[in-house]
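Here's the letter readout for the chains.
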Amino acid sequence: MTAPVIDLNSDLGEGFGQWTLGDDDALLSIVSSANVACGYHAGDPSVMRRVCELAAEREVAIGAQVGYRDLAGFGRRFIDVDPRELVNDVVYQIAALDGFAKLAGTRVAYVKPHGALYNAIVHHEAQAAAVADAVSRYDASLPVLGLPGSAWLRKAAEVGLTPVHEAFADRAYTPEGTLVSRREPGAVLRDPDEIVARCLRMVTKGVVEAVDGTEVPLTVRSLCVHGDTEGAVEIAHRLRKELDAAGLSPIPFAASAAPADGKR
């Protein structure tokens, strides 16, 4: 039986001005893909450029982590934005990060929604279609990360994008295969041993235990460790070590090399 191919991603570049969050430098030495904030929920031009340069130097694929325009709420509050405006917001974010990626000699290689937008478009058909439309209009070759079974990945596939199934190392799951709200106790996992064990099971067995004890089937191409989770570096390091030991060394799911002529 062929071993699964797995990617390890993390949300990075989530500082703003003098305010820092997480350890981008350390995580960029561990993960294979970086979901970089594009200035709407976090990040600013200087942070974006620095993370892109580090990612390019370490051959980590750069993903545009697009979200609601919500710096104060860190993009974790639902916004009932008009789908037409959401298309423009998403294109704006991808293009901004892609500019800094190009300065670093690479490019944006994929797109992943952030926070409340990620969760909303699991079921919100109009917003899911808007995000898919935005990515398709900017660059239809970009794969997109999302929750298996979501409206988002379905809408993405309908417009010709490549959907990539993602699972979360440090988040609890409902019996329906969605993420437990951060407002609920136990929504964020912090025990490295527990996280590593469940991730290896997700990758090799295709199941995750939900909060009620039931087993939820899922397919995984990329595992996410949130950069702002307490102990994120230790968790990512332990997970990477165990994946390597199991012959599942993470590799990016998306090509990140910029074309020689600078064109897409």
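Because the structure is predicted, anything quoted here is derived from the model rather than measured.

Turning our attention to the packing of helix H2 (residues 45-57) against helix H3 (residues 83-103). It is at 8 Å that the axes of H2 and H3 come closest, and there the two elements cross at 45°. Classified by the angle between their axes, H2 and H3 sit oblique to one another. Judged by the sense of rotation from one axis to the other, the crossing of H2 with H3 is right-handed. Here H2 contributes Pro45, Met48, Arg49 and Cys52 to the contact with H3, which in turn contributes Ala96, Leu97, Phe100, Ala101 and Leu103. Here the residues of the contact of H2 with H3 sort into eight nonpolar, no polar and one charged.

With that out of the way, let us pick up the pairing of strand S9 (residues 222-225). The two faces of a sheet get side chains in turn, since along a regular strand they alternate between them. The alternating pattern of S9 places Ser222 and Cys224 and Leu223 and Val225 on opposite faces, both of which are buried. Looking at chain direction, strand S1 (residues 7-12) and S9 are connected through four bridges and run parallel. When the bridges of S9 are listed, Asn9 appears paired with Cys224.

Turning to the layout of surface pockets, a few remarks are in order. Here the idea is plain: a probe the size of a water molecule rolls over the atoms and shows the empty space left. Size it by volume and the largest pocket reaches roughly 490 Å³. What lines the largest pocket is a set of 25 residues, and nearest its centre among them are Arg76, Gly115, Ala116, Asn119 and Arg182. Listed by contribution, the elements that provide at least two residues to the lining of the largest pocket are strand S4 (108-113) and helix H4 (115-120). Ranked by residues supplied to the lining of the largest pocket, first place goes to H4 with five residues. Taken together, the residues of the lining of the largest pocket sort by class into 10 nonpolar, eight polar and seven charged.

On to the packing of aromatic side chains. One pass over the structure, following the stated rule, counts four aromatic pairs. Seen from their ring centres, Tyr40 and Tyr92 are 5.8 Å apart, and the 35° between their planes marks the pair as tilted. Within this pair, whereas Tyr40 is found in the loop between strand S2 (33-37) and H2, its partner Tyr92 is found in helix H3, the two being separated by 52 residues in sequence. Residue Tyr40 is classed as buried on the basis of its relative accessible area of 9%.

This part covers helix H5 (residues 125-139). Taking 1.5 Å of rise per residue, the 15 residues of H5 would be expected to cover 21 Å, and the 21 Å separating its terminal C-alpha atoms lies within 8% of that figure. Against the buried residues of H5 lie H3, S4, H4, strand S5 (144-146) and helix H6 (151-158).

Another point: a negative patch on the surface. On the surface, Glu176, Asp191, Glu194, Glu209 and Asp212 cluster together to form a negatively charged patch. On the secondary structure map, Asp212 appears in the loop between strand S7 (207-209) and strand S8 (215-217).

Reading guide: rules and limits
- Residues numbered from 1 in each chain as written.
- Predicted model: local features only at pLDDT ≥ 70, side-chain atom pairs only at ≥ 80, totals over all residues.
- Heavy atoms only, no water.
- Axes fitted to C-alpha atoms, helices over the stretch in contact; angles between N-to-C directions.
- Helix = DSSP H or I, 4+ residues; strand = E, 2+ residues; numbered from the N terminus.
- Parallel < 35°, antiparallel > 145°, perpendicular 65-115°, else oblique.
- Left-handed = near helix turned anticlockwise from the far one by under 90°.
- Contact = heavy atoms within 4.5 Å.
- Nonpolar A, V, L, I, M, F, W, Y, C, P; charged D, E, K, R; others polar.
- Buried < 20%, exposed > 50% of the residue type's maximum accessible area, 1.4 Å probe, protein only.
- Pairing = 2+ DSSP bridges.
- 1 Å grid on protein atoms, 1.4 Å probe; cavity = no way out; pocket = protein on both sides within 12 Å on 5 of 7 lines; lining within 4 Å.
- Points joined across faces, edges and corners; volume = space filled by probe spheres on them.
- Phe/Tyr/Trp six-rings, centres within 6.5 Å; stacked < 30°, edge-to-face > 60°.
- Expected span 1.5 Å × (residues − 1).
- Patch = residues over 30% accessible without salt bridge, like charges linked within 9 Å, V, L, I, M, F, W, Y side chains within 5 Å.
- Areas by Shrake-Rupley, 256 points an atom, 1.4 Å probe, with all protein chains shown as cover.
- Salt bridge = Lys/Arg side-chain N within 4 Å of Asp/Glu carboxyl O.
- Lys, Arg positive; Asp, Glu negative; His and termini not counted.
- Charge placed at Lys NZ, Arg CZ, Asp CG, Glu CD.

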